[in-house]
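# Breakdown of the fold
Chain residues, written in single-letter form:
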Amino acid sequence: MGDLFLVRHGETEWSRSGRHTGWTDVPLTEHGREEARGLVPLIRSHRVGAAFVSPLQRARETAELIGIHDARVDADLREWDYGGYEGITTVEIQRTRPDWFLFTDGVAPGPPEHPGESPEQVGERADRMLGKVDAALANTEGVVVLVAHGHFLRVLTARRLGLRPQHGALFQLATGTLSRLGTEHGRPVVAGWNVRPPT
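Report follows, based on the coordinates. (Residues numbered from 1 in each chain as written. Predicted model: local features only at pLDDT ≥ 70, side-chain atom pairs only at ≥ 80, totals over all residues. Heavy atoms only, no water.)

Ordered by their spatial adjacency, six strands build an open sheet running S3-S2-S4-S1-S5-S6, and the pairing between neighbours is mixed. Of all the strands in the sheet, just strand S3 (72–73) and strand S6 (187–195) have a single pairing partner and so form its edges. Along the sheet, helix H4 (residues 57–65) contacts strand S1 (4–8), strand S2 (48–53), S3 and strand S4 (143–148); its crossing angle with S4, the most-contacted strand, is approximately 140°. Lying over the sheet, helix H8 (residues 150–160) contacts S1, S4, strand S5 (178–184) and S6, oriented at roughly 160° with respect to S1. (Pairing = 2+ DSSP bridges. Helix = DSSP H or I, 4+ residues; strand = E, 2+ residues; numbered from the N terminus. Contact = heavy atoms within 4.5 Å. Axes fitted to C-alpha atoms, helices over the stretch in contact; angles between N-to-C directions.)

Given below as structure tokens:
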């Protein structure tokens, strides 16, 4: 089986300022585009057997910039639904909830179309996505690439390793980076994390 490559989209204005960006469809900054372009040599050195991308423009543009033009758009790759915390920073949330932590506490309810997700609900989406990844890995040669979002990819990594969704907290993930999940002796492992091209 090939490896699973995780690409977090490049920087946006909201990611730079620490605002929780779930469904809000903000574009990449120019720096974010540069981050994405910098990953091209890391991707190009591997055969891509299949690729999936979040429907949000920051992920889709990142996929194009890294040279993946035929990725399948999959709604299961969207970012955590932050509900009532959309657009708000952790510092602002902790003014009224000093001990709040996304990976254990989830979010405040939002509007009906974006009610928010618990860590377990994000974990369920990650499990569905991993089922699609395994099917792709079984039917293609090369790596499978997912282009998506920081908090979701952290939960997906935890689930790939057999951990609870809350353990996504252990995997800090920067914008415009490539991470690699592989296997060792038949068991899933982190083979590379937060990789950027050498400068």
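Here the narrative resumes, following the displayed structure.
Per the stated rule, a full pass over the model turns up four aromatic pairs. Ring plane angle 80° and centroid distance 5.3 Å describe the contact between Tyr-85 and Trp-100, whose orientation is recorded as edge-to-face. Here Trp-100 lies in the loop between helix H5 (90–93) and helix H6 (102–105) and Tyr-85 lies in the loop between S3 and H5, a separation of 15 residues in the sequence. Each member of the pair Tyr-85 and Trp-100 is classed as buried. Taken together, a centroid distance of 5.6 Å and an interplanar angle of 55° make the contact between Phe-171 and Trp-193 tilted. Of this pair, Phe-171 sits in the loop between H8 and S5 while Trp-193 sits in strand S6, and the two are 22 residues apart along the sequence. For Phe-171, a relative accessible area of 13% translates into the label buried. An aromatic cluster is defined as three or more aromatic residues linked by ring pairs; in this entry it consists of Trp-80, Phe-101 and Phe-103. (Phe/Tyr/Trp six-rings, centres within 6.5 Å; stacked < 30°, edge-to-face > 60°. Buried < 20%, exposed > 50% of the residue type's maximum accessible area, 1.4 Å probe, protein only.)

The computed volume of the largest pocket comes to approximately 330 Å³. Going through the elements one at a time, helix H1 (13–17) and H8 are the ones with two or more residues in the lining of the largest pocket. Broken down by class, the residue content of the lining of the largest pocket amounts to four nonpolar, eleven polar and five charged. (1 Å grid on protein atoms, 1.4 Å probe; cavity = no way out; pocket = protein on both sides within 12 Å on 5 of 7 lines; lining within 4 Å. Points joined across faces, edges and corners; volume = space filled by probe spheres on them. Nonpolar A, V, L, I, M, F, W, Y, C, P; charged D, E, K, R; others polar.)

Glancing now at the pairing of S4. Here S4 lies mainly inside the structure; six of its six residues are buried. Here S4 shows a buried face lined by Val-143, Val-145 and Val-147 and a second buried face lined by Val-144, Leu-146 and Ala-148. Here S1 pairs with S4 via five bridges, running parallel. Directly across from Val-7, in S4, lies its bridge partner Val-147.

Time to look at the pattern of salt bridges. Using the criterion set out here, one finds 14 salt bridges in the structure. Here Asp-3 makes a salt bridge to Arg-180, at a shortest N to O gap of 2.5 Å. Within this pair, whereas Asp-3 is found in the segment before S1, its partner Arg-180 is found in strand S5, the two being separated by 177 residues in sequence. Taking relative accessible area as the criterion, Asp-3 reaches 15% and is therefore assigned buried. Residue classification places Arg-180 among the partly exposed positions, given a relative accessible area of 29%. Notably, a salt bridge pairs Glu-61 with Arg-33, separated by 2.7 Å at the nearest N-O pair. Taken as a pair, Glu-61 in helix H4 and Arg-33 in helix H2 (residues 30–38) lie far apart in primary sequence, 28 residues in all. (Salt bridge = Lys/Arg side-chain N within 4 Å of Asp/Glu carboxyl O.)

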